[in-house]
Amino acid sequence: MTQLSTPPPAPFTSTSQSGAADYPGLDDWRGLPVSQQPSWADPKAFADSVAELSVLPPLVFAGEVDLLRHRLADAAQGRAFLLQGGDCAETFEAATADRISARVRTILQMAVVLTYGAAMPVIKMGRMAGQFAKPRSSDTETREGVTLPAYRGDIVNGYEFTPESRAHDPRRMLQAYNTSAATLNLIRAFTQGGFADLRLVHAWNQGFTKNPAHARYESLAREIDRAITFMDSCGADFEALKRVEFFASHEALLLDYERALTRIDSRTGLPYDTSAHFLWIGERTRELDHAHVDFLSRVRNPIGVKLGPGVSGDDALRLIDRLDPDREPGRLTFITRMGAKNIREKLPPVVEKVTASGAQVLWVTDPMHGNTVTSRNGYKTRRFDDVVDEVRGFFEVHHGLGTVPGGLHMEMTGDDVAECLGGSDPIDEAAFEDRYESVCDPRLNHMQSLEMAFLVSEALTRR
């Protein structure tokens, strides 16, 4: 491995911190292989941070988690549809009211369109209020002959390329907690205080379709407008439609943080990871006998697992046995990220094997991660057409097998960034120079996200 140009202090990896929750097996993961974890340089700062996290109030509540599990069970059975979206990696700096409201607004706009197309409820979930840790393919990064630790998300270290910023600082876990709490507070205010009013959200979408580049979607927008007018004429209770359920999710990557925020539910005596309603295990950390799968098998949250093109049907069945042994509706979601070129070939045998076993998981498509390329001017990007093609392939596979395509998982933002190529109002490579903002993976911008919602709505209508 390349030597660091500035050697860090001797690393420290946790082995004994238990958190506030005391429950059999919650710390078994500590004795298992674990990947993608920081090397904390300061044992005392680590111990103090975990001790403080372990007694702070929960960010979400067990009753909300249980409600989401019921909602996801409906989606697995074709009675609802999951929309999950947000940043690739949240940053502390971007946790402002304007940026949070823009993301929430975009998800709400997408949900209105999807609700009409699906003719069923849409579960709204943000990759928000906790998506601060990122897996990396290398532990280090080299620039101009200088090698430093890789950026692992704001919860671990900073993006600035200096030895001080890139040091793994456990006190950042406390900042991640506080930023998540502030974000959730804003989300709850927005979604319960009138910001989510159906009529207001639809008016925003009408602004999208007035752009000549999006004229093909105008007829669907008019249909939604007529439906809302009809509801209003019939005396529908629009007060009830001013509020929506909105759930928080993130990849449960940093196990020190997840363990410290695990609490025992006073109603049931069972452990819940109160850092988020929904947690997922990434493609790089889903090894059956490793720490991430073990820890998440022991908490009551609904769990997702990312499945890439290398997964087999037997792999999926073993994950079900480990994470959902009781075959509980709404417990387990498989998020497929296979790439547009692979989805139609690789997904069917996995779905067939799981279906034949009698297990009922929720199938969701992540059309972003399998379609990453490098632009000619050196930016990590994705082509909008590839993203759309993977979504279409996902629906085609499930339609052909008679199974349920239950959701959409997107890396997106509410801002006018330029990170993914294409769309009806196309982004080109030249735009990256001024409007590329992501510190990790490229996201769909506001307009591209809405266009995706209209396209998926058409697929749902055909279903």
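Residue indices follow the written sequence of each chain, beginning from 1 at its first position. This being a predicted model, a pLDDT of at least 70 is required before a residue's local features are given, and a value of 80 or more before pairs of side-chain atoms are given or counted; all residues contribute to the totals for chains, interfaces and linings. To get the side-chain values, take all heavy atoms of the structure and skip hydrogens and water.

A closer look at the pattern of salt bridges
Consideration 1: One speaks of a salt bridge when a side-chain nitrogen belonging to Lys or Arg is within 4 Å of a carboxyl oxygen belonging to Asp or Glu. Evaluated as defined, the whole model comprises 42 salt bridges.
Consideration 2: D415 is the salt-bridge partner of R99, the closest N and O atoms lying 3.9 Å from each other. Of this pair, R99 sits in helix α3 (residues 97-118) while D415 sits in the loop between β14 (405-411) and α13 (432-435), placing them 316 residues apart in sequence.
Consideration 3: Note on classification: 1.4 Å probe, protein chains only; a residue is buried when its accessible area is under 20% of the maximum for its type, exposed when over 50%, partly exposed between these limits. Accessibility expressed as a relative area gives 34% for R99, which makes it partly exposed.
Consideration 4: Of the charged contacts in the structure, one is a salt bridge between E283 and R286, with a shortest N-O distance of 3.0 Å.
Consideration 5: Assessed through its relative accessible area of 25%, E283 is described here as partly exposed.
Consideration 6: In this structure R286 comes out as buried when scored by relative accessible area, which is 14%.
Consideration 7: Several salt bridges share partner residues, and in doing so they unite D66, R69, D265, R267, R300 and E328 into one network. Each helix corresponds to a stretch of at least 4 residues labelled H or I by DSSP, and each strand to a stretch of at least 2 residues labelled E; elements are numbered beginning at the N terminus.

Thoughts on helix α1 (residues 43-53)
Consideration 1: Those residues of α1 that sit buried are A45, F46, S49, V50 and L53. The buried residues of α1 occupy an angular sector of 125° when projected down its axis, which confines them to one face.
Consideration 2: In this description, contact between two residues means that some pair of their heavy atoms is separated by no more than 4.5 Å. In the core, the buried residues of α1 are packed alongside α5 (172-192), α8 (255-260) and β6 (262-264).
Consideration 3: Polar contact is the term for a pair of N or O atoms within 3.5 Å; when the atoms are in protein, one must be able to donate a hydrogen and the other to accept it, and sequence-neighboring residues count only if both atoms are side-chain atoms. N-cap assignment for α1: the residue whose side-chain oxygen lies 3.1 Å from the backbone N of K44 is D42. Arc definition: it is the arc formed by the directions from the helix axis to the C-beta atoms.

Focus on unusual backbone geometry
Consideration 1: Positive phi, normally seen in glycine, also occurs at E144, with a value near 50°.
Consideration 2: Checked against the element boundaries, E144 lands in the loop between β3 (140-143) and β4 (146-149).
Consideration 3: In this model, R327 sits at a positive phi of 55°, which is unusual for a non-glycine residue.
Consideration 4: In this fold, R327 is placed in the loop between α10 (313-323) and β10 (332-336).

Concerning the confidence of the model for the protein chain
Consideration 1: Per-residue confidence from the prediction method is given by pLDDT, with values spanning 0 to 100. In the predicted model, the protein chain carries a mean pLDDT of 93, and the fraction of residues at 70 or more is 96%.
Consideration 2: Ignoring residues within four places in sequence, the model shows residues 1-19, a span with pLDDT below 50, making 37 contacts including any to other chains.

Examining the pairing of strand β8 (residues 278-281)
Consideration 1: Covered by surrounding structure in β8 are F278 and W280 together with L279 and I281, the residues of both alternating faces.
Consideration 2: In this analysis, strands are considered paired if DSSP registers two or more bridges between them. Looking at chain direction, β8 and strand β9 (residues 303-307) are connected through three bridges and run parallel. Paired with I281 across the two strands is V305, which belongs to β9.
Consideration 3: With the strands pointing away from the viewer, any crossover whose connection runs clockwise from the first strand over the helix to the second is right-handed. The β-α-β motif built from β8, the intervening helix α9 (residues 291-296) and the parallel element β9 has right-handed crossover chirality.

Here we look at the side chain of D87
Consideration 1: Structurally, D87 can be placed in the loop between β1 (81-86) and α3.
Consideration 2: Side-chain polar atoms of D87 contact the side chain of R443, separated by 2.6 Å.

Details of the nonpolar core
Consideration 1: By nonpolar core is meant a set of buried Ala, Val, Leu, Ile, Met, Phe, Trp, Tyr and Cys residues that side-chain atoms within 4.5 Å join together. With 83 residues, the main nonpolar core has F81, F334, V354, W363, M452 and V456 as its most contacted residues.
Consideration 2: Take this core: its biggest share by element is ten residues, from α3.
Consideration 3: Not counting residues within four places of it along the chain, the set of residues in contact with V354 comprises A316, L317, I320, F334, A359, V361 and W363.
Consideration 4: Membership of the second largest hydrophobic core comes to 26 residues, among which are V65, F132, A133 and M173.

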